[in-house]
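# Chain and residue survey
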Amino acid sequence: MNNSKIISIILVTALLITGVLSKDGLRAYADTASGSSVTPTESASAVSASPTATEAPSATTSASPTASAKASSSPKVTKTPKPTKTPKPKKKKKVKKPAKVKWIKTTYRDSRKVTLTWSFTKRATGFLIYRKKIGAKKFKLLKKKGKKHRKYTDTKVGINKKYKYKVKAYRKKYKQTVYGKGKVKRYYNLNIVKTTRQKYSYDMMAADIHKLARKYPNRMTYKVIGKSEDGRNIYDVILGNRYAKKTLLFIAAIHAREYMTSLLAMRQIERCMQEYNYTVGGTKVNYVLGDVCVHYIVMANPDGVMISQNGFTSIRNAKLRKKLYKLGPVNTALWKANARGVDLNRNFAFKFKKKGKMSSEGYTGKKAHSEKESKAIVKLVKNLQKYHGLKGVINYHATGSIIFGSVRKNRKYTNGTVAMYNLARNLTGYADAGSYESSDVSDAHGNFREYAMYVKKIPSITLEIGKTPCPLVIKEYADIWKRNKNIVIKEAALF
Ligand SMILES: [Zn+2]
């Protein structure tokens, strides 16, 4: 517009100077030039119209030679526009927006992958896929996809995170891009095992085992290896290849008030499943678990755990309950034994010597393996040793942040114990428990670790998690987790 206006002004000035233009003509010309509906080229052509042109204001017909000369300096003015080339008004063509994405489906692939699929969407040229963490302000664009792809796999999903995904269609036409309305879908990639509650109960554990086994059917399974004195299941959770030639056994919560070891065990199991196709500290999880099958007795003393968490009322068998009440006032939160008042870690057939009477801790029971819980454990150990190449036993206790790994010299179990012990110390940073254990193991009557090593000739260590007195407070869990999360995979990789 500017160029033509300048040219027009020059023209008009020239005409005025030469005195050819009449007042009326000037007004008429000005009207034309400022007319909003007339494009610059149109007005220019009107001006440069040949002297014979009749439509142009009368005055222009007698354009002087100077005027035409000046006009010719602009290419726009001199070029006679071809009718076909006449540009159309620059008014944008209206492009209809694509439809709204009607639905999004999320499909769990693994702990780090989710696949989104969405509805066919009319007029879409393609799609934009966004994601945000729940609570975050803005969506971030993850991917732009063509129309034929109504599917996208996000491979960077965080463990135990909540997300919102958004998919919207776009359409490109006449050099414009327009967008349809977005559809939002929530996706929660949360852990099954929750680590926020102080009391991780037997029922929670049982429910979580079932959920995990359903979620990871090809990676883990479980077996009930026996019942407790009060009829609860003693679970053996089996990780990896059940037909592997080597096995490693973990045992947690043989002492009741140390129930945080069960919570740790369950999260360790879940982590093995979540990281199954990935590496943990440079170790390929599925590779290790394909070779070494891990068995985990996650709650060896379920009745005792119930007593420690909820008191004697949690014992369902009336006879057992009556006997327990006969003990008089007891701080049940500190309970270590089973429902018959037997300390299971004094009940194994290693230098067994009957000692004490029914109580919260220290009672050996009438004879070795007198309790249903110890019987189930011994039976599993025998079975694993005989048929599945049992290579080691790791016991989880609390408290102390120490590791028991002392061992008498014997080629069968010394090397394995030392290797497991050194690795566990490196990973956890826990101290050596040497000073807590007498060298002649005289204090270890009925202990399971000593039973495993000296009776069954299987390498064995004991880890004592936590720092505060038992039952450990949930606040300690984060630190315990950091130190122990890789133990299962790393210890299994030793064999
Ligand atoms: Zn203990």
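Residues numbered from 1 in each chain as written. Predicted model: local features only at pLDDT ≥ 70, side-chain atom pairs only at ≥ 80, totals over all residues.

### Points about the overall build of the protein
Counting its regular elements, the protein contains 15 helices and 18 strands. Taken over 495 residues, the protein has a buried fraction of 42%. (Helix = DSSP H or I, 4+ residues; strand = E, 2+ residues; numbered from the N terminus. Buried ≥ 20, exposed ≤ 12 C-beta atoms within 10 Å, placed from the backbone.)

### Remarks on the pairing of strand β18 (residues 460-465)
When you tally the buried positions in β18, you get six out of six residues, the bulk of the element. A two-sided burial pattern is seen for β18, the buried positions comprising Ser 460, Thr 462 and Glu 464 on one face and Ile 461, Leu 463 and Ile 465 on the other. Bridge count between strand β15 (residues 390-398) and β18: six bridges; the pairing is parallel. The partner of Ile 394 across the bridge, within β18, is Ile 461. The pairing of strand β16 (residues 402-404) with β18 spans three bridges and is classified as antiparallel. Bridge pairing in β18 places Ile 402 opposite Glu 464. (Pairing = 2+ DSSP bridges.)

### Some thoughts on the environment of Tyr 235
Relative to the assigned elements, Tyr 235 resides in strand β10 (residues 233-239). C-alpha separation for the pair Tyr 235 and Ala 206, spaced 29 residues apart in sequence, amounts to 8.2 Å. With sequence-adjacent residues up to four places away left out, Tyr 235 is seen in contact with Ile 209, Tyr 222, Val 224, Val 298 and Met 299. (Contact = placed C-beta atoms within 7 Å.)

### A closer look at helix α12 (residues 414-428)
The terminal C-alpha atoms of α12, which comprises 15 residues, lie 21 Å apart, in line with the 21 Å expected from a rise of 1.5 Å per residue. If you check which residues of α12 are buried, you get Gly 416, Thr 417, Met 420, Tyr 421, Ala 424 and Thr 428. Projected down its long axis, α12 carries its buried residues within an arc of 125 degrees, all on one side. Turned more than 90 degrees away from the buried face of α12 sit Asn 415 and Asn 426, all of them exposed. In this structure, the buried side of α12 is in contact with β15, β16, α13 (448-455), β18, α14 (477-484) and α15 (487-492). Just downstream of α12, Gly 429 is the residue with a positive phi angle, here 75 degrees. (Expected span 1.5 Å × (residues − 1). Arc of directions from axis to C-beta.)

### Here we look at the packing of helix α6 (residues 202-215) against helix α7 (residues 260-274)
What describes two packed helices is the angle between their axes and the distance between those same axes. Two elements in contact, α6 and α7, have axes whose closest approach is 11 Å; the angle formed by their N-to-C orientations is 5 degrees. When the interaxial angle is binned, α6 and α7 end up roughly parallel. Between α6 and α7, the residues in contact are Met 205, Asp 208 and Leu 212 and Ser 262, Met 266, Ile 269, Glu 270 and Met 273, respectively. Residue composition of the contact of α6 with α7, by class: five nonpolar, one polar and two charged. (Axes fitted to C-alpha atoms, helices over the stretch in contact; angles between N-to-C directions. Parallel < 35°, antiparallel > 145°, perpendicular 65-115°, else oblique. Nonpolar A, V, L, I, M, F, W, Y, C, P; charged D, E, K, R; others polar.)

### A few points about the sheet that holds strand β14 (residues 292-297)
In space, the eight strands of this open sheet follow the order β9-β10-β14-β11-β15-β18-β16-β17, with mixed pairing throughout. Both outer strands of the open sheet, β9 (220-227) and β17 (431-432), are each paired with one neighbouring strand and no more. The sheet strands contacting helix α11 (residues 372-387) are β9, β10, β11 (246-252), β14 and β15, and the helix crosses β9 at an angle near 130 degrees. Set on the sheet, α13 makes contact with β15, β16 and β18; between it and β18 the angle comes to about 165 degrees.

### Brief notes about the confidence of the model for the protein
It should be kept in mind that the predicted coordinates are not to be read in detail where pLDDT is low. For the protein, the mean per-residue pLDDT works out to 86, and 80% of the residues sit at or above 70. Between residues 19-74, whose pLDDT stays under 50, and residues either more than four places distant or in other chains, the model counts 70 contacts. (pLDDT = per-residue confidence, 0-100.)

### Some thoughts on α6
The terminal C-alpha atoms of α6, which comprises 14 residues, lie 20 Å apart, in line with the 20 Å expected from a rise of 1.5 Å per residue. Against the buried residues of α6 lie β9, β10, α7 and α9 (302-310).

### Quick look at the environment of Lys 132
If you trace the backbone, Lys 132 turns up in strand β3 (residues 126-133). Note: C-alpha distance between Lys 132 and Tyr 165 (33 residues apart in sequence) is 6.6 Å. In this view, Lys 132 contacts Lys 138, Phe 139, Lys 140, Tyr 163 and Lys 164; residues no more than four positions away in its chain are not counted.

### Quick notes on the packing of α7 against α14
Where α7 contacts α14, the two axes come as close as 11 Å, and the packing angle between them is 50 degrees. On the basis of the axis angle, α7 is oblique to α14. Between α7 and α14 lies a crossing of right-handed hand. Between α7 and α14, the contacting residues are Met 260, Leu 264, Arg 267 and Gln 268 on the first element and Tyr 477, Ile 480, Trp 481 and Asn 484 on the second. Looking at the contact of α7 with α14 residue by residue, the class counts come to five nonpolar, two polar and one charged. (Left-handed = near helix turned anticlockwise from the far one by under 90°.)

### Concerning the sheet that holds strand β1 (residues 104-110)
Overall, antiparallel pairing links the three strands, which are arranged β1-β2-β5 in an open sheet. Two strands lie at the open edges of the sheet, namely β1 and β5 (151-154), each paired on one side alone. If you compare each strand with its neighbour and ignore which way they point, the axes differ by 20 degrees on average. Summarising the sheet, strand β2 (residues 113-118) and β5 pair through four bridges and their orientation is antiparallel. By the bridge assignment for β5, Val 114 is matched with Asp 154.

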